[in-house]
Amino acid sequence: MAAIDVEPMPIKVETAMRTLKLSGHVGFDSLPDQLVNKSVQNGFVFNILCIGETGLGKSTLMDSLFNTNFESSPSPHNLPTVKLKAHTYELQESSVRLKLTLCDTVGYGDQVNKDDSFKAVVDYIDAQFEAYLQEELKIKRSLPTYHDSRLHVCLYFICPTGHGLKSIDLVCMKKLDTKVNIIPIIAKADTISKTELQKFKSKIMQELQSNGVEIYQFPTDDESVSEVNTTMNSHIPFAVVGSTDFVKIGNKTVRARQYPWGTVQVENESHCDFVKLREMLIRTNMEDMREKTHARHYELYRRRRLAQMGFSDVDAHNKPVSFQQTFEQKRSAHLAELQLKEDEMRQMFVQRVKEKEAELKEAEKELHAKFDKLKKDHTEEKKRLEELRKKIEDDTIEFNRRKQQTQHSHHTLTLGKSKKK
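Please read all numbers here as calculations on a predicted model, not as lab measurements. (Residues numbered from 1 in each chain as written. Predicted model: local features only at pLDDT ≥ 70, side-chain atom pairs only at ≥ 80, totals over all residues. Heavy atoms only, no water.)

K.L.:
Help me understand the overall build of the protein chain, please; the structure alone is not making it clear to me.
P.N.:
Along the protein chain, the regular secondary structure elements total 9 helices and 9 strands. Relative to a compact globule of 421 residues, whose C-alpha radius of gyration would be 22 Å, the protein chain shows 46 Å and is clearly more extended. Once the C-alpha set of the protein chain is aligned to its principal axes, its extents read approximately 170 × 90 × 45 Å. When each of the 421 residues of the protein chain is scored for burial, the buried share is 31%. For the protein chain, the share of sequence-separated contacts (at least 6 apart) that also reach a separation of at least 24 residues comes to 68%. Distance from the positive charge centre (65 side chains) to the negative charge centre (62 side chains) of the protein chain: 11 Å. (Helix = DSSP H or I, 4+ residues; strand = E, 2+ residues; numbered from the N terminus. Rg over C-alpha atoms; globule rule 2.2 N^0.38 Å. Buried < 20%, exposed > 50% of the residue type's maximum accessible area, 1.4 Å probe, protein only. Contact = heavy atoms within 4.5 Å. Lys, Arg positive; Asp, Glu negative; His and termini not counted. Charge placed at Lys NZ, Arg CZ, Asp CG, Glu CD.)

K.L.:
Just to check I follow, could you spell out the sheet that holds strand 1 (residues 44-51) for this structure?
P.N.:
Pairing between the strands of a sheet comes from backbone hydrogen bonds, and it takes one of two forms, parallel or antiparallel. Overall, mixed pairing links the 6 strands, which are arranged 2-3-1-4-5-6 in an open sheet. The open sheet has two edge strands, strand 2 (83-93) and strand 6 (238-239), and neither has a second partner. As paired elements, strand 1 and strand 4 (residues 153-158) share 4 bridges and run parallel to each other. For Ile48, the partnering residue across the bridge sits in strand 4 and is Val153. Docked against the sheet, helix 3 (residues 119-137) engages strand 1, strand 2 and strand 3 (96-106), running at close to 50° with respect to strand 2. (Pairing = 2+ DSSP bridges. Axes fitted to C-alpha atoms, helices over the stretch in contact; angles between N-to-C directions.)

K.L.:
Would you mind going over the nonpolar core with me for this structure?
P.N.:
A general tendency of soluble globular proteins is for nonpolar side chains to be buried together. Core analysis: the biggest nonpolar cluster contains 74 residues, and Ile48, Leu155, Ile183, Phe238, Leu277 and Leu281 have the highest contact counts within it. For this core, the element with the highest residue contribution is helix 3, accounting for 7 residues. With residues up to four places along the chain from it excluded, the contact list for Leu277 reads Leu61, Leu65, Leu155, Ile183, Ile185, Phe238, Val240 and Ile282. (Core = buried A, V, L, I, M, F, W, Y, C linked by side-chain atoms within 4.5 Å.)

K.L.:
Whenever I open this one, the pattern of salt bridges confuses me. Can you help?
P.N.:
Between side chains of opposite charge, pairing is possible as soon as their charged atoms come close. By the definition in use, this model includes 26 salt bridges. Notably, a salt bridge pairs Glu342 with Arg346, separated by 3.1 Å at the nearest N-O pair. Of this pair, Glu342 and Arg346 are both found in helix 9 (residues 323-420), 4 residues apart, which corresponds to roughly one turn of the helix. Residue Arg389 pairs with Glu393 through a salt bridge whose shortest N-O separation is 2.4 Å. Here Glu393 and Arg389 lie together in helix 9, a separation of 4 residues that amounts to about one turn. (Salt bridge = Lys/Arg side-chain N within 4 Å of Asp/Glu carboxyl O.)

In structure tokens, the structure reads:
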């Protein structure tokens, strides 16, 4: 029985929405509470990348931000290349669990040739994106239990002793601004006076804008945080001070740095922007950074990688095409390519067999010629030896004949002498 192709009927979907009034309480207003409970149960993930020269206080600032001691070891200054060192910690505050990953650039800016200092950072970020993409592309996925190692924010530490950004800072931030949320911060800001600090901040922002570097801007579309985020956007880059030491001031013990001329309090907003950074980074915009990492930076990487693999939403005629169609086309092209390679290998094999046969025939021909020559030489040598043997035999007979004749003559001569006597 012949198969009959039936063209599927198009399905019309009503897109217009009607607004209805409820006559009683249904209960889906508890959805936000359900999401909160589920999120608290699963816990949260946050990954921070710290970029800056050795000795700018990256590890100390992390200890100060999360009010703990991560016990990181000091980095050497003599590494030939930049290395990234990532450590993951389990933190809990109240009932909320946070899986925090701190990634530090070891040896950044210490090399004489700093051209490729950013390459290790770019490769690391792309490697985390690639790992997540491969997990997404699996047939049997485990995304709910997968440890998301994609970097959500990059704290770029700027040296406070210059007149602006270094070329390595601009190049690195330009390479990373499409891959991670960048927040520039001025490290060890207690080494600059307030007047110089404002000029330094203005200079940094001017250089970032003139070089087209896009840094992370705190979102202002949410009414609840738009005012504070707008204000905080004007304070970027944050001038921060970190400390692992505690000093007693009055009746309170605070994080501070003790100098001969006075005390710099880490959490005093008139001394530095540490509180502003912690407020924006952790308390207000952490979820926005996580969302932007997935929706913007990872999505851009994902589109590029799928385009490299040959997948697209439209065909050559700009018509929509499904993922399955693209897969079938690539599969057919792959099979055709394999068939072509197989034919080429078969032809190459046949050609090599023919060449080998011709080579063997030529070798056989040379062997026969050599054998014939040896046979001919052997025959000639045998003939020569036969002639030599015959000559020797003739010479032997002649010698024996002469010998007998000589003996006969001698015997006759002896008898003649005897008779005369």
